[in-house]
Amino acid sequence: MNHNQEATRFDRIKIIVEQDGLQNLTDATVMVLGLGGVGSSCVEALARGGVGRLIVIDSDIVEITNINRQAIAFESTIGLPKADVMTAKIHQINPNCHVIAEQVEISPENCADVFSQYPKPDYVIECIDSVLAKSYIAAWCQAHDIPIVASMGAANKMDPMQLTFADIRQTMNCPLSRKMLEEYRKRGVEHLDVLFSKELPKKRILSVQVGLIH
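The notes below deal with the structure included here. (Residues numbered from 1 in each chain as written. Predicted model: local features only at pLDDT ≥ 70, side-chain atom pairs only at ≥ 80, totals over all residues. Heavy atoms only, no water.)

**Side note on helix H2 (residues 11-27)**
Taking 1.5 Å as the rise per residue, H2 with 17 residues should run 24 Å; its terminal C-alpha atoms sit only 17 Å apart, a clear shortfall. The sharpest bend along H2 reaches about 110° and sits at Glu 18. Taken together, the buried positions of H2 are Ile 13, Gly 21 and Leu 22. Packing partners of the buried residues in H2 comprise helix H3 (37-48). (Helix = DSSP H or I, 4+ residues; strand = E, 2+ residues; numbered from the N terminus. Expected span 1.5 Å × (residues − 1). Bend = angle between axes of the 7 residues up to and from the residue. Buried < 20%, exposed > 50% of the residue type's maximum accessible area, 1.4 Å probe, protein only. Contact = heavy atoms within 4.5 Å.)

Structure representation (structure tokens):
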């Protein structure tokens with residue numbers, strides 16, 4: 001790759017954030033936990049956005065059922081560790097991005113030990129499924145004064161316009177948010193930004209409609 005190509009890689013982003021903003025992105029470290037439908041697309045966007053260091057963690061391998069929604073799922077990647085596939089994709093986007101990747105399952109028992117192995121991130125994006133692990137991750141971030149946003153559930157929801165960022169206490173129509181709020185309270189988490197959908201789950205809408213008919 002010649003110097004001119006490298007110089008223009010993030011020119012369109014620099015128009016928006018200017019040189020200082022682009023430098024802040026280059027200097028930033030972001031940790032993404034979970035490389036499923038939300039996490040893999042998030043990491044791709046961060047890499048394309050110029051973030052200079054990415055820590056990506058997931059315990060799974062790519063399966064054929066992932067192809068409909070995950071940015072790392074292709075016929076050619078089936079059976080490969082998601083963390084490895086994500087690393088390769090990041091380097092295809094930005095060879096200068098420093099990637100730390102690990103195939104490990106985050107649990108309440110190991111999250112503190114796992115996270116202590118890495119450079120302190122400037123931001124954590126949590127996209128895993130385990131209720132208990134999600135709560136311990138949030139508590140760890142709070143204890144270390146690290147900003148975090150957690151992804152909530154969107155099962156049986158179809159409208160992307162209903163996706164919203166809010167404090168966990170301001171969520172609605174989200175069963176996972178209700179369950180997580182209880183767990184966060186147990187761990188002493190005082191505040192947490194989450195991404196959730198305000199849309200009623202499809203099954204609930206059907207139940208309401210049936211009830212109105214009767």
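**Looking at the nonpolar core**
With 33 residues, the main nonpolar core has Ile 57, Phe 115, Met 152, Tyr 184 and Leu 192 as its most contacted residues. Elements that contribute at least two residues to this core include exactly strand S1 (29-33), strand S2 (53-57), helix H5 (111-115), helix H6 (131-143), strand S5 (148-151), helix H7 (175-187) and strand S7 (193-197). Among the elements that take part in this core, H6 stands out by supplying six residues, more than any other. The next biggest cluster of nonpolar side chains, apart from the first, holds 23 residues, and it includes Cys 42, Val 43, Ile 90 and Val 149. (Core = buried A, V, L, I, M, F, W, Y, C linked by side-chain atoms within 4.5 Å.)

**What to know about a negative patch on the surface**
Residues Asp 60, Glu 63, Glu 105 and Asp 129 make up a contiguous surface patch of negative charge. Mapped onto the fold, Asp 60 is located in the loop between S2 and helix H4 (82-93). For Asp 60, a relative accessible area of 39% translates into the label partly exposed. (Patch = residues over 30% accessible without salt bridge, like charges linked within 9 Å, V, L, I, M, F, W, Y side chains within 5 Å. Areas by Shrake-Rupley, 256 points an atom, 1.4 Å probe, with all protein chains shown as cover. Salt bridge = Lys/Arg side-chain N within 4 Å of Asp/Glu carboxyl O. Lys, Arg positive; Asp, Glu negative; His and termini not counted. Charge placed at Lys NZ, Arg CZ, Asp CG, Glu CD.)

**Side note on the sheet that holds S2**
Strand order across the open sheet formed by seven strands is S3-S2-S1-S4-S5-S7-S6, with mixed pairing between neighbours. Here the strands that pair on one side only, and so sit at the sheet edges, are strand S3 (98-102) and strand S6 (163-167). Across the sheet, the mean angle separating the axes of adjacent strands is 20° when strand polarity is ignored. In the sheet, S1 pairs with strand S4 (residues 123-126) via four bridges, with the strands oriented parallel. Looking across to S4, one finds that Val 32 is bridged to Ile 125. Sitting on the sheet, H6 is in contact with S1, S4 and S5, with an inclination near 170° to S5. (Pairing = 2+ DSSP bridges. Axes fitted to C-alpha atoms, helices over the stretch in contact; angles between N-to-C directions.)

**Observations regarding a nonpolar patch on the surface**
Nonpolar side chains collect at one region of the surface, where Ile 15, Ile 16 and Val 17 lie side by side and expose about 320 Å² of accessible area between them. Summarising the element assignment, Val 17 is placed in helix H2. With relative accessibility at 31%, the residue Val 17 sits in the partly exposed group.

**Some details on the pairing of S5**
Neither face of S5 is exposed, since Ile 148 and Ala 150 on one face and Val 149 and Ser 151 on the opposite face are all buried. One ladder, built from three bridges, connects S4 with S5; its direction is parallel. Among the inter-strand pairings, Val 124 is bridged to a residue of S5, identified as Ile 148. Viewed along the sheet, the connection from S4 through H6 into S5 turns out right-handed. Inspection of the sheet shows S5 paired to S7 by three bridges, in the parallel sense. (Right-handed = clockwise from strand over helix to strand, strands pointing away.)

**Quick look at the side chain of Thr 29**
Position of Thr 29 among the secondary structure elements: in strand S1. For Thr 29, the contacting residues outside a window of four places in its chain are Arg 53, Ile 55, Lys 120, Pro 121, Asp 122 and Tyr 123.

**Thoughts on the pattern of salt bridges**
According to the stated counting rule, one finds seven salt bridges in the structure shown. Salt-bridge contacts for Arg 169 lead to Asp 167; the nearest nitrogen and oxygen are separated by 3.7 Å. The shortest N-O distance in the salt bridge between Glu 183 and Lys 186 comes to 3.3 Å. With Glu 183 and Lys 186 both in helix H7, this residue pair falls three residues apart, about one helical turn. The exposure class of Glu 183 is buried, given its relative accessible area of 11%. One salt-bridge network, held together by shared partners, links Glu 182, Glu 183, Lys 186 and Arg 187.

Honestly, it's all geometry; don't read function into it.
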